[in-house]
Amino acid sequence: MSKDRPKILIIDDEVEVGNFLFHLLSNKYDIKIGYSGKDCDQLLETELFHLAILDVKLPDTSGLTLLAKVKEKYPLCKTIVMTGYSTIKTAVEAIKLGANDYIEKPFESIDHLEDLIASLVDGTGTTDQNTLAKLAEESGFIVGENHVMQQLITMAHKIAKKNVNVLIEGETGTGKEVLAHFIHLASHRREQPFLGINCGAISEDLLESELFGHMKGAFTGAIKEKKGIFEIASNGTLFLDEIGEASLPTQVKLLRVLETGEFMKVGDERIRKTNTRIIAASHVNLSEAVNEKRFREDLLYRLDVVKLTIPPLRQRKEDLPILIDFLLKKQRATLRFSDEAMAEFLAYDWPGNIRELNNVIKRAIALADDDVTVLTTNFLPEKLLQSKHQYTTTTKQASHQALNQTNHQAPHFEEFLHEWNREILSLWATDTEIDLETLLLRVKNLETEIGKAFVQKMLRETIGDRKEAAKRLHISMRKLRYLLNEKGCPKR
Ligand SMILES: Nc1ncnc2c1ncn2[C@@H]1O[C@H](COP(=O)(O)OP(=O)(O)OP(=O)(O)O)[C@@H](O)[C@H]1O
Ligand SMILES: [Mg+2]
């Protein structure tokens, strides 16, 4: 055997599996086979491998333990975990622990197996990152810099091509549906339908016929036979949104399809088969729902073969700039937010997550006149501005702002004026020299600050209607823009 051929280690207690892989691969690679954890330890001592293919269940140890050993000893060695259906969850765990991939036994597609091994051995794993980025772009999913998010999307990409059900959990607006679509596009099913249904939004009777279809005359109003989404998306992906809202009887029906791949149309006796892949989503934690007896444990077990939990936006604020940029461009807006506005975005908690962010951005764009290029805090809703004041503004900061004549918002305004009052009265009371020129210059700035505060207050009252605000303040639109420091005003 040539010394230059890549070396592959195979550990499986089933002798036939080792033999099969040996015949399949030994014309291209140097193969070493072991049947237990002990064999694996010995082989790892003697040789350096490019790839290790490890069975999950071994007589003396688990594939996960071996995986950890391989990774520790040879961090560059690629790893594949082999699994039977009953151990799929462990295989998914292995991916989280750094395995490059997993394969199911019995092997379904030999071509796929050979391609996978070849790509790992040649180190073409980098093209994987490229396809991931392309798919993310195609599905409108911004990954960003956040570590948890990057791990999550890598995992989603790895399991997309497998025929396993996926459960996506995350607070409202975190992107569960976008992620489901990403998985569909990354799967072999991408040319097939991607259909969704919101389990909480449909009445019990309708839901059954939506899911499984009905026969003509099955119930009043069933004037013709209808296909349900399990049939239409039979080779595609079915997105069961808000699965936690499904009633207990519906959960029973879903469980039956998930266990057997079979269903019946309403009013029919024929059993039909479906091959659909389920991606379920929930904004409530389903394990808690199981504890509270609101959700069936056996159904959860079927659904969460792979569980992906999307972090809330407040835990990935480093991604705000890239998300904002993306969402602005999505609206075809060439606008940008001012630094002060960005500070407000960062200070806010975003209970509605990316959906809320999107709404705030759409609102700001809608409020901006054609000649606005920078979106200041005036374009942001009150709740954003309040959050910052509630948490970060102290009286000390307010007075500091007053003396430095920096920007300020209405809730500080009284504090700001009091501070000025105090300062001028104390200057008035002093017997020492004062620099009147400087003081007068600052009073000029005070004039602009007061103008701006009134404009901002009025804009809040008119919910951002600038024309109405200008009218009520008896000033021109030009003056309004000048006071907001958007046009023609020298930078302080
Ligand atoms: N990672 C992301 N990149 C870009 N846009 C995103 C991302 N995640 C979510 N969005 C956008 O945020 C909005 C909400 O996303 P989505 O509907 O997927 O959330 P959800 O978790 O399903 O919310 P809900 O629980 O309210 O149904 C959509 O407009 C979506 O395009
Ligand atoms: Mg949703």
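This one's a predicted model, so the numbers in the text were calculated from it and none came from an experiment.

**Q** Can you walk me through the sheet that holds strand 10 (residues 237–241) in this structure?
**A** What holds strands together in a sheet is hydrogen bonding between their backbones, with the strands either parallel or antiparallel. Ordered by their spatial adjacency, five strands build an open sheet running 7-10-13-6-14, and the pairing between neighbours is parallel. The two strands at the open ends of the sheet, each matched to only one other strand, are strand 7 (194–198) and strand 14 (306–309). Taken over all neighbouring pairs, the strand axes of this sheet differ in orientation by 20 degrees on average, direction set aside. Note that strand 10 and strand 13 (residues 277–282) share four bridges and pair parallel. Within strand 13, the residue paired with phenylalanine 239 across the bridge is isoleucine 279.

**Q** For this particular structure, what's the right way to read the nonpolar core?
**A** Proteins that are soluble and globular tend to have nonpolar side chains buried together. In this structure, Tyr102, Ile168, Leu179, Phe182, Ile183 and Leu308 are the most contacted members of the largest nonpolar core, which totals 52 residues. Take this core: its biggest share by element is seven residues, from helix 7 (residues 147–160). Taken domain by domain, the makeup of this core includes at least three residues from each of domain 1 (7–123) and domain 2 (131–311). Setting aside chain neighbours within four positions, we find isoleucine 183 in contact with Ala156, Ala160, Val166, Ile168, Arg277, Ile279 and Leu308. With 28 residues, the next largest nonpolar core counts Phe345, Trp350, Val360 and Val372 among its residues.

**Q** So what exactly am I meant to see when it comes to helix 7 here?
**A** Owing to its 3.6 residues per turn, the α-helix aligns residues three or four sequence positions apart on the same side. Its 14 residues place the ends of helix 7 20 Å apart at the C-alpha level, agreeing with the 20 Å of an ideal helix rising 1.5 Å per residue. With a side-chain oxygen lying 3.0 Å from the backbone nitrogen of valine 148, the N-terminal cap of helix 7 falls on asparagine 146.

**Q** Would you take a moment to explain the domain arrangement of the protein chain for this structure?
**A** A common way to report how large an interface is uses the accessible area buried once the components associate. When cut into domains, the protein chain gives domain 1 (7–123), domain 2 (131–311) and domain 3 (317–483). Here domain 1 and domain 2 have C-alpha centroids that lie 31 Å from each other. Each partner contributes residues to the interface: domain 1 has ten residues there, and domain 2 has ten residues. In this assembly, domain 1 packs against domain 2 so that about 1000 Å² is buried in total across both faces, 57% of it on carbon and sulfur atoms. The interface formed by domain 1 and domain 2 holds two salt bridges in total. Note that lysine 89 and aspartate 304 form a salt bridge whose closest N and O atoms lie 3.0 Å from each other. Linking domain 1 to domain 2 there are six residue pairs in polar contact (both at pLDDT 80 or more).

**Q** Explain the pattern of salt bridges here, please?
**A** Two side chains that carry opposite charge are able to pair once their charged atoms sit near each other. A complete count under the given rule lists 29 salt bridges for this structure. As a salt-bridge pair, lysine 105 and aspartate 12 come within 2.9 Å of each other at their nearest N and O atoms. Of this pair, lysine 105 sits in the loop between strand 5 (101–104) and helix 5 (110–122) while aspartate 12 sits in the loop between strand 1 (7–11) and helix 1 (15–25), placing them 93 residues apart in sequence. We classify aspartate 12 as buried; its relative accessible area is 1%. One connected set of salt bridges, linked through shared partners, spans Glu225, Glu231, Lys265, Asp268 and Arg272.

**Q** Can you help me understand the site of ligand 1 in this one?
**A** Around ligand 1, the structure places 18 residues, and the nearest of them are Ile142, Thr172, Gly173, Lys176 and Arg355. Taking threonine 172, its side chain carries an N or O atom lying 2.8 Å from an oxygen atom of ligand 1. A distance of 3.1 Å separates an oxygen atom of ligand 1 from a polar backbone atom of valine 178. When ligand 1 is considered free in solution it has 630 Å² of accessible area, and contact with the protein chains removes 88% of it. Counting residues per element, the ones that place at least two in the shell around ligand 1 are helix 8 (176–186), helix 14 (320–330) and helix 16 (353–367). Considered class by class, the residues forming the shell around ligand 1 number six nonpolar, six polar and six charged. Looking at the shell around ligand 1, you find at least three residues from each of domain 2 (131–311) and domain 3 (317–483).

Here is what the cut-offs are and how they apply
Residues numbered from 1 in each chain as written. Chains lettered and ligands numbered in written order. Predicted model: local features only at pLDDT ≥ 70, side-chain atom pairs only at ≥ 80, totals over all residues. Heavy atoms only, no water. Pairing = 2+ DSSP bridges. Helix = DSSP H or I, 4+ residues; strand = E, 2+ residues; numbered from the N terminus. Axes fitted to C-alpha atoms, helices over the stretch in contact; angles between N-to-C directions. Core = buried A, V, L, I, M, F, W, Y, C linked by side-chain atoms within 4.5 Å. Buried < 20%, exposed > 50% of the residue type's maximum accessible area, 1.4 Å probe, protein only. Domains from an automatic or database assignment. Contact = heavy atoms within 4.5 Å. Expected span 1.5 Å × (residues − 1). Polar contact = N/O pair within 3.5 Å; in protein donor to acceptor, adjacent residues only side chain to side chain. Buried area = accessible area lost by both parts, 1.4 Å probe. Salt bridge = Lys/Arg side-chain N within 4 Å of Asp/Glu carboxyl O. Near = heavy atom within 4 Å. Areas by Shrake-Rupley, 256 points an atom, 1.4 Å probe, with all protein chains shown as cover. Nonpolar A, V, L, I, M, F, W, Y, C, P; charged D, E, K, R; others polar.

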